[in-house]
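So the chains spell out like this:
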Amino acid sequence: MKTHHSLVHALLPSSTTSRRLPPSLLPSLTHPPTVRALAHTHTLTVQPLRVVTEDTCLFHYLVPAPMSPSNKSVGSDAGSQDSVDGNTGPRTLHWDPDPSTLQLHSDSELMGRGAVRLGMSKLTQVDFLPKEMVSYSKETQTPTDALSQKEEEDEDITAPPPTEDNQEEKAVQDEQQGEDTPKELTEEEKLQVLHSEEFLSFFERGSRIVERVLAEQVDVCFDYSGRDLEDKEGDLQAGAKLVLNRRFEDERWTKNRVVTCLDWSPQYPELLVASYNNNEDAPHEPDGVALVWNLKYKKPTPEYIFHCQSEVMSAGFAKFHPNLVVGGTYSGQIVLWDNRSNKRTPVQRTPLSAAAHTVKTFCSTSTFCQTEAGSLTCSSFCATLTLFPSSLQDSLELVFKQSKAVAVTSMAFPLGDVNNFVVGSEDGSVYTACRHGSKAGITEVFEGHHGPVTGLSCHSAVGPVDFSHLFISSSFDWTVKLWSTRSTRPLYSFEDSCDYVYDAMWSPTHPALFACVDLSGRLDVWNLNNDTEVPTASVGVDGGAALNRVRWSHTGREIAIGDSEGHVHIYDVGEQICVPKADEWTRFVRTLAEINENRDEAEELANA
Amino acid sequence: MEDFHNGNEVSHNTASVSMKCIENVVGGDDYSANLVNKWTAGIVERCLTQLVKQGKPYKYIVTCAVMQKTGAGLHTANSCYWDTAMDGSTTVRWENRTMYCVVSVFAVAVA
């Protein structure tokens, strides 16, 4: 018994200690709690606890509740291990099932501390809020494109990987930069675009159209009732004969150059090509220039600008092809310009051959190109036919009577004739020549001029009577002479001019009309049915420059004149002059007959 | 930031101790994935040794969490059921430019 008693007591402190814990937690206790601080409060020696794994609860039931007096006496005897049947007798345990009371009692007895209650502690929360990513599109376009969104995503994706640290601020910065700068072209890229084919053609086209529009001066206030007509006297020139319509010149391209040739386009009656020789004041500019002018629009700049390395002595529209302009140059080359290409330089040119044109090309014409697509040029001593596009060159030496070489200054083709042509030479004679056939070369000589022949024109007006045997020639001897191929002596000599006559041309529509220009700046229009002594209309061209070239337009209503200062003047010929009446041809027959008679009479008188 | 869950001055002490520990270990460094394990271990060990040095009759539980600042959010919570008079916990939050550090100390009274 005593041993039991002592055992109980010995066990008491340890059990008391263990009793401080709530019973619910007890099963989890596996480690023997170390008891250190408690040792000094108890008289009993503290023995280390044995690990009790399963029957820890036993202690509670064994130890009596000290407070209840009824249990006290029984308590000491409760050392028996039969714990379960507490109700059987006084020896049985009488315990208080309420754990809190157990605790309270034991605590107050042993620990001497205040009441300890277990409770829930306050909730501890740790919050790190996510950083709000500010992202917004800087595009101004309405976001209907799925494509633009995709591009943004791509930018976002590419931005973070470069950043090694994955630092948030840096990533945001990169993103913003990616959306910020639209791709700026470098200088090279800009130049590349400016020189690209597409840009150049677009720019040419666009600037041409804009120039035309800008130059238009349509009078929107025109009053058809005629109220303002007093001011418009000048416009009602129904009776006027020769009126200046336009003057073409260009600061850069025509200044200080002489107009060497003019030609009207067969397809577009408003287009005119003018060729110029070199500008002595501007040695770096190309020597040869050919400009295509447009009558239809008021824009003052040329429609097309062509140039080449040597002076263009003559130019004409290729009749076989609407886009080509043929030019004969001083160096002997024939050049071809194409207005479809953006180039201003010739697209094709004949090779420079030593034999053909050792001296300058004086004249060229493409009149026979209806059949053969080529151009014939005459230079001193030599007439060369150049065919396009086969680049054939056929050279014909012009030698008169096997001895005298002809220095050709001008040439002309009779209408519809591709074989025979007339040439004028420096010595004042006019020759007819043949290209092919047994009589290839010079055929006939027409002597009469006292000075170099400057211009030749074959009669071209088509009508009931054929006058194609007629041609006129102009010369430095101040005269224009009328010839017929049937006679080697001139039919008539027009001597109204007081200066070198530079050019003459038959009207393409009126059989008895021709125009001539001279050095003093005068344009004369002769109507042989009216008067053979005096020109029917005459006008002095402004500026007083020497007039180089005269060309009737294909309609016969306008005359183009080129002068020695690079100006091209367009004159409108009054209707009553230029439009032939039905009887013009018959009248001209009579005129010719008269002329012939007069000539014969004059000869007889001279011979007699 | 310090959370007191009991009136005991142990809490005050604990908070300052853990703060000091964090500063000493992480201080002015930027987040580095190589070093972060070293840091967490260092913080916990230091805190614990300092607390134990105080000689108080407590059991300590120290946790340390280091999170990189990436803009993500983090939310934690804890609660205890214990002797509210004797036991306490402290949570200290610390941050610099590149990371957050949270150290929690739970002190459970012994006996």
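A quick note: this is a predicted structure, and the numbers were derived from the prediction, not measured.

Further remarks concern the packing of aromatic side chains. The relative placement of two aromatic rings is captured by the distance of their centres and the angle of their planes. Taken as a whole, this structure holds 20 aromatic pairs over all chains when the rule is applied. Plain terms: the ring middles of Tyr304 of chain A and Phe306 of chain A are 6.1 Å apart, the flat faces sit at 5 degrees to each other, and that makes the pair stacked. Judged by relative accessible area, Tyr304 of chain A falls into the buried class, the value being 19%. Between Tyr58 of chain B and Tyr60 of chain B, the aromatic rings sit 6.2 Å apart at their centres with planes inclined by 40 degrees, giving tilted as the arrangement. Site record: aromatic cluster; members linked through ring pairs are Phe467, Tyr492, Phe494, Trp506, Phe514, Trp526 and Phe588 of chain A.

Covered by surrounding structure in strand 2 (residues 124-128) of chain A are Thr124, Val126 and Phe128 of chain A only, the residues Gln125 and Asp127 of chain A on the alternate face being uncovered. Note: strand 2 of chain A against strand 2 (residues 74-78) of chain B, five bridges, orientation antiparallel. Within the sheet, the bridge partner assigned to Thr124 of chain A lies in strand 2 of chain B and is Asn78 of chain B.

The next point concerns the sheet that holds strand 25 (residues 487-494) of chain A. Residue and element names in this part refer to chain A. With respect to topology, four strands assemble into an open sheet ordered 22-23-24-25, the strand pairing being antiparallel. Both edges of this open sheet fall to strand 22 (453-458) and strand 25, since each of them pairs with a single strand only. Averaged over all neighbouring strand pairs, the angle between strand axes comes to 25 degrees, with direction disregarded. As judged from the five bridges shared by strand 23 (residues 470-475) and strand 24 (residues 480-484), these two strands associate in the antiparallel manner. Note that in strand 24 the partner of Ile472 across the bridge is Leu482. With respect to the sheet, helix 11 (residues 584-607) is in contact with strand 23, strand 24 and strand 25, its orientation differing from that of strand 25 by roughly 105 degrees.

Below, the discussion takes up the packing of helix 7 (residues 187-195) of chain A against helix 8 (residues 197-215) of chain A. In a packed pair of helices, the relevant descriptors are the angle between the two axes and the axis-to-axis distance. Residues and elements named next belong to chain A. Here helix 7 crosses helix 8 at 55 degrees, and the two axes come no closer than 5 Å. As far as their axial angle goes, helix 8 and helix 7 are oblique. Residues Val193, Leu194 and His195 of helix 7 lie in contact with helix 8, whose contacting residues are Glu197, Phe199 and Leu200. Looking at the contact of helix 7 with helix 8 residue by residue, the classes come out as four nonpolar, one polar and one charged.

So, on to the sheet that holds strand 8 (residues 312-317) of chain A. The strands making up a sheet associate through backbone hydrogen bonding, with each pair oriented either parallel or antiparallel. All names here are of chain A. The four strands lie next to each other as 8-9-10-11, forming an open sheet whose pairing is antiparallel. Whereas interior strands pair on both sides, the edge strands pair on one side only; in this sheet they are strand 8 and strand 11 (348-349). Sheet analysis places strand 10 (residues 334-338) next to strand 11, joined by two bridges and oriented antiparallel. Paired with Leu336 across the bridge in strand 11 is Gln348.

A word on the confidence of the model for chain A. Mean pLDDT over chain A stands at 71; residues scoring 70 or higher make up 61%. Contacts of residues 365-374 of chain A to residues separated by more than four positions or lying in other chains number 32 contacts, the stretch itself having pLDDT below 50.

Residues and elements named next belong to chain A. Among the six residues that make up strand 32 (residues 568-573), five are buried, leaving the element largely enclosed by the rest of the structure. With six bridges connecting them, strand 3 (residues 242-248) and strand 32 associate as antiparallel partners. Along strand 32, the bridge assignment pairs Arg246 with Ile570. One ladder, built from five bridges, connects strand 31 (residues 558-563) with strand 32; its direction is antiparallel. The partner of Glu558 across the bridge, within strand 32, is Asp572. Here strand 31 folds back onto strand 32 in antiparallel fashion, the turn holding four residues, of which Gly566 has a positive phi close to 90 degrees.

Cut-offs and rules
Residues numbered from 1 in each chain as written. Chains lettered and ligands numbered in written order. Predicted model: local features only at pLDDT ≥ 70, side-chain atom pairs only at ≥ 80, totals over all residues. Heavy atoms only, no water. Phe/Tyr/Trp six-rings, centres within 6.5 Å; stacked < 30°, edge-to-face > 60°. Buried < 20%, exposed > 50% of the residue type's maximum accessible area, 1.4 Å probe, protein only. Helix = DSSP H or I, 4+ residues; strand = E, 2+ residues; numbered from the N terminus. Pairing = 2+ DSSP bridges. Axes fitted to C-alpha atoms, helices over the stretch in contact; angles between N-to-C directions. Contact = heavy atoms within 4.5 Å. Parallel < 35°, antiparallel > 145°, perpendicular 65-115°, else oblique. Nonpolar A, V, L, I, M, F, W, Y, C, P; charged D, E, K, R; others polar. pLDDT = per-residue confidence, 0-100.

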